[in-house]
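Here's the letter readout for the chains.
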Amino acid sequence: MKSKEIRNWRNDEAIKRYQMIAPLLDPDIDNEKRCQLREAIAVREGISARTIYRYEEKYRNGQFEGLLPMNRGKRRSQKLPENWDEIVGEAIMLKREVPKRSVRTIITILELEGWAPPGIIRRSTLQKYLYDAGFGVKQMKRTAERAESSSRRFCRPHRMELVQGDIKYGPDIRTKDGKLIHTYLSSLIDDHSRLILQSQFYDNQKAEIVEDTFHRALLKFGKWDSTYLDNGKQYISKQLHKSCARLGIRILHAKPYECQAKGKIEAFHKTADRFIAEIRAAHVHSLEELNEKWKYFLEEDYQKKPHEGIAEYYRSGDVEVPSCGISPQQEFNRDERQLKFIDVSVVSEAFTHHETRKIDNVGCFDFGGRKYEASAAYANLEVEIAYDPLNTETIEVHRGKMDVIHAHPLRIGSFADRKPVRPLAMTNEDPETSRLLDALEKKYRENHSMMANALSFGDYGKAGEQDV
């Protein structure tokens, strides 16, 4: 297995393990409930509760890096038995009989009934075939609606415990040269105070704009405990889950077609609709100008205005609310829970993308349809590049313990470079002497010194014989 494949496999496994244990990291649940939840996760994933507990301990001791599996070589896949289709059919029947049967239990029954010798059926393989047939754990799960209460509204008791995020279609703006730009609003709202942690318009709805929204919010307000998102492709990207896992932020996904679960961010979008209605009369011609006006509107019209949702939350607990109401900014600032800021470099590294590239024989590589100039010292080598997806003018190039190179898009000028790039293996100063020639000269002098001593001793012997 190549180093790139191994690294991707280890990161994917760590993310998978983190998603397993994420509900168990909630500090508000007691030990009894945590044990019950651990058992439920173990049954769902088809592994032992002890393994889940081991993952918890590894994360608490080493954070995301503690969940990385040990490096290993690629194993040769096991050949499926000839009666594999019959085995899958029997497995589906066993799952239908008792939907809560784990894959491991199904394999045990199949082995006892003689469908396959022990050890032939792999759990991961059978689990994949059951999932493809529509009999996965999540596919068979049915949510029972509780009749005790018709209200499903909730509100976290403190700021930065839960953050909701979503993307909304923004206004279409036309630049002065006639180009039409479709815009999209990416936002994060604090569940308790309704304060907008970050909100900005973009000219696309790729996963990178969500990462940028998270990045900016973390730098401004620090780390939060959990994020509640829908199942859009922007919110299920591996990079987002990896970044949040590294920073210790749990990601929770709403069930499909249940937009009411994200009521706070949906209510905020109504405020954005008022802004969009006004912006059509403002004759905005650039994305920068649109975001500038959105910042003014957000700070002065939303963050500082009384919020009915906050007042309703306190009234439901028989707490008196001031006649002037409570604004999101006031509620956020008066909360006693301390903010947890993270070092800027740690946050930046968590959201940095990493890929591998092959440097050509002149020190360049291709990325995003453009050619970047690195260094001739890296010619014909495989390197790792690190970059911010929203700013690719500078890309870091890493290769083992060699110095980091900052690559820029290749620009061909009118004249060639007069000074060629000096390889990293060479020093920046000319040597004062040749160490090879100095060493040979030293060896020569030592050898001739020994020969001179030997001749002197021989002469002394001959002189003694003459005296006799």
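Computed from a predicted model, the values in this text were never measured in an experiment.

## Side note on the overall build of the chain
Piece 1. Scanning the chain from N- to C-terminus turns up 15 helices and 13 strands.
Piece 2. Across the 468 residues in the chain, those meeting the buried criterion constitute 38%.
Piece 3. Taken as a whole, the chain presents about 30000 Å² of accessible surface, with 51% of it coming from carbon and sulfur.

## Some remarks on the packing of helix H3 (residues 49-66) against helix H9 (residues 238-247)
Piece 1. One way to put it is that H3 packs onto H9 with a least axis distance of 8 Å and a crossing angle of 140°. Our pair here, H3 against H9, has a crossing hand that is left-handed. Along the contact surface, H3 presents Tyr 59, Phe 64 and Glu 65, while H9 presents Lys 242, Ala 245 and Arg 246.
Piece 2. Residues of the contact of H3 with H9, tallied by class, amount to 3 nonpolar, no polar and 3 charged.

## Overview of unusual backbone geometry
Piece 1. Residues other than glycine seldom take positive phi values, yet Arg 194 does so here, at roughly 65°.
Piece 2. Relative to the elements of secondary structure, Arg 194 occurs in the loop between strand S4 (184-190) and strand S5 (196-202).
Piece 3. Judged by relative accessible area, which is 8%, Arg 194 ranks as buried.

## Regarding the pattern of salt bridges
Piece 1. Considering all chains together, one arrives at 22 salt bridges under this definition.
Piece 2. Here Glu 56 and Arg 60 are joined by a salt bridge, their closest N and O atoms 3.4 Å apart. With Glu 56 and Arg 60 both in helix H3, this residue pair falls 4 residues apart, about one helical turn.
Piece 3. Exposure remark for Glu 56: the relative accessible area of 0% places this residue in the buried category.
Piece 4. For Arg 216, the salt bridge identified is with Asp 212, shortest N-O distance 2.8 Å.

## Description of the sheet that holds strand S10 (residues 370-373)
Piece 1. Taken together, 6 strands build an open sheet; the order of strands is S8-S11-S12-S13-S10-S9 and the sheet is antiparallel. Both outer strands of the open sheet, strand S8 (353-358) and strand S9 (364-367), are each paired with one neighbouring strand and no more. Averaged over all adjacent pairs, the angle separating strand axes in this sheet is 35°, with direction ignored.
Piece 2. Where S8 and strand S11 (residues 382-388) come together, 6 bridges link them in antiparallel fashion. Within the sheet, the bridge partner assigned to Glu 355 lies in S11 and is Ile 385.

## Some details on the environment of Leu 180
Piece 1. Relative to the assigned elements, Leu 180 resides in strand S3 (residues 180-181).
Piece 2. Judged by its relative accessible area of 39%, Leu 180 is partly exposed.
Piece 3. Between the C-alpha atoms of Leu 180 and His 285, which are 105 residues apart in sequence, the distance is 9.4 Å.
Piece 4. Setting aside anything within four residues of it in sequence, one finds Leu 180 in contact with Asp 172, Ile 173 and Arg 174.

## Observations regarding the packing of helix H5 (residues 103-112) against helix H6 (residues 123-132)
Any two packed helices are characterised by how steeply their axes cross, that is the angle between the axes, and by the distance between the axes.
Piece 1. Packing of H5 against H6 leaves a shortest axis separation of 10 Å and a crossing angle of 105°. Between H5 and H6, the crossing angle belongs to the class labelled roughly perpendicular. Contacts between H5 and H6 involve Val 103, Arg 104, Ile 106, Ile 107 and Leu 110 from the first element and Arg 123, Leu 126, Gln 127 and Leu 130 from the second.
Piece 2. Among the residues making up the contact of H5 with H6, the classes are represented as 6 nonpolar, 1 polar and 2 charged.

## Some words on the nonpolar core
It is characteristic of soluble globular proteins that their nonpolar side chains tend to be buried jointly.
Piece 1. Counting 26 residues, the largest nonpolar core has Leu 197, Phe 214, Trp 224 and Leu 240 as the members making the most contacts within it.
Piece 2. No other element matches the 6 residues that helix H8 (residues 207-221) contributes to this core.
Piece 3. Listed in part, the 18 residues of the second largest apolar core include Ala 14, Ile 41, Ile 47 and Tyr 55.

## Some details on the packing of aromatic side chains
Piece 1. Considering all chains together, one arrives at 16 aromatic pairs under this definition.
Piece 2. Taken together, a centroid distance of 5.3 Å and an interplanar angle of 55° make the contact between Phe 275 and Phe 297 tilted. Of this pair, Phe 275 sits in helix H10 (residues 263-279) while Phe 297 sits in helix H11 (residues 287-302), placing them 22 residues apart in sequence. One exposure class covers both Phe 275 and Phe 297, and it is buried.
Piece 3. A connected cluster of aromatic rings, assembled from ring pairs, spans Phe 201, Phe 268, Phe 275, Trp 294, Phe 297 and Tyr 302.

## Observations regarding the pairing of S9
Piece 1. Inspection of the sheet shows S9 paired to S10 by 4 bridges, in the antiparallel sense. The residue bridging Asp 366 from the neighbouring strand is Lys 371, located in S10.
Piece 2. Counted along the chain from S9 to the antiparallel partner S10, the turn is 2 residues long, and its residue Gly 368 has a positive phi close to 60°.

## Focus on the sheet that holds S5
Piece 1. Ordered in space as S5-S4-S1-S6-S7, the 5 strands form an open sheet in which the pairing is mixed. Edge strands, defined here as strands with exactly one partner in the open sheet, are S5 and strand S7 (250-253). On average, each strand axis in the sheet is inclined to that of its neighbour by 20°, with strand direction left out of account.
Piece 2. In terms of strand pairing, strand S6 (residues 226-229) meets S7 through 4 bridges, oriented parallel.

## Description of H9
Piece 1. For H9, the buried fraction is high: 8 of the 10 residues fall into the buried class.
Piece 2. A positive phi of about 75° marks Gly 248, the residue just after H9.

## Describing helix H12 (residues 308-316)
Piece 1. Within H12, the full set of buried residues consists of Gly 309, Ile 310, Ala 311 and Tyr 314.
Piece 2. Looking at the buried positions of H12, the neighbouring elements they touch are helix H13 (328-334).

## Things to note about the confidence of the model for the chain
Piece 1. Averaged over every residue, the pLDDT of the chain is 82; residues scoring 70 or more account for 84%.
Piece 2. Note that residues 73-77 has pLDDT below 50 and, in this model, 1 contact with residues that lie over four places away or in other chains.
Piece 3. Ignoring residues within four places in sequence, the model shows residues 142-151, a span with pLDDT below 50, making 2 contacts including any to other chains.

What counts as what
- Residues numbered from 1 in each chain as written.
- Predicted model: local features only at pLDDT ≥ 70, side-chain atom pairs only at ≥ 80, totals over all residues.
- Heavy atoms only, no water.
- Helix = DSSP H or I, 4+ residues; strand = E, 2+ residues; numbered from the N terminus.
- Buried < 20%, exposed > 50% of the residue type's maximum accessible area, 1.4 Å probe, protein only.
- Areas by Shrake-Rupley, 256 points an atom, 1.4 Å probe, with all protein chains shown as cover.
- Axes fitted to C-alpha atoms, helices over the stretch in contact; angles between N-to-C directions.
- Left-handed = near helix turned anticlockwise from the far one by under 90°.
- Contact = heavy atoms within 4.5 Å.
- Nonpolar A, V, L, I, M, F, W, Y, C, P; charged D, E, K, R; others polar.
- Salt bridge = Lys/Arg side-chain N within 4 Å of Asp/Glu carboxyl O.
- Pairing = 2+ DSSP bridges.
- Parallel < 35°, antiparallel > 145°, perpendicular 65-115°, else oblique.
- Core = buried A, V, L, I, M, F, W, Y, C linked by side-chain atoms within 4.5 Å.
- Phe/Tyr/Trp six-rings, centres within 6.5 Å; stacked < 30°, edge-to-face > 60°.
- pLDDT = per-residue confidence, 0-100.

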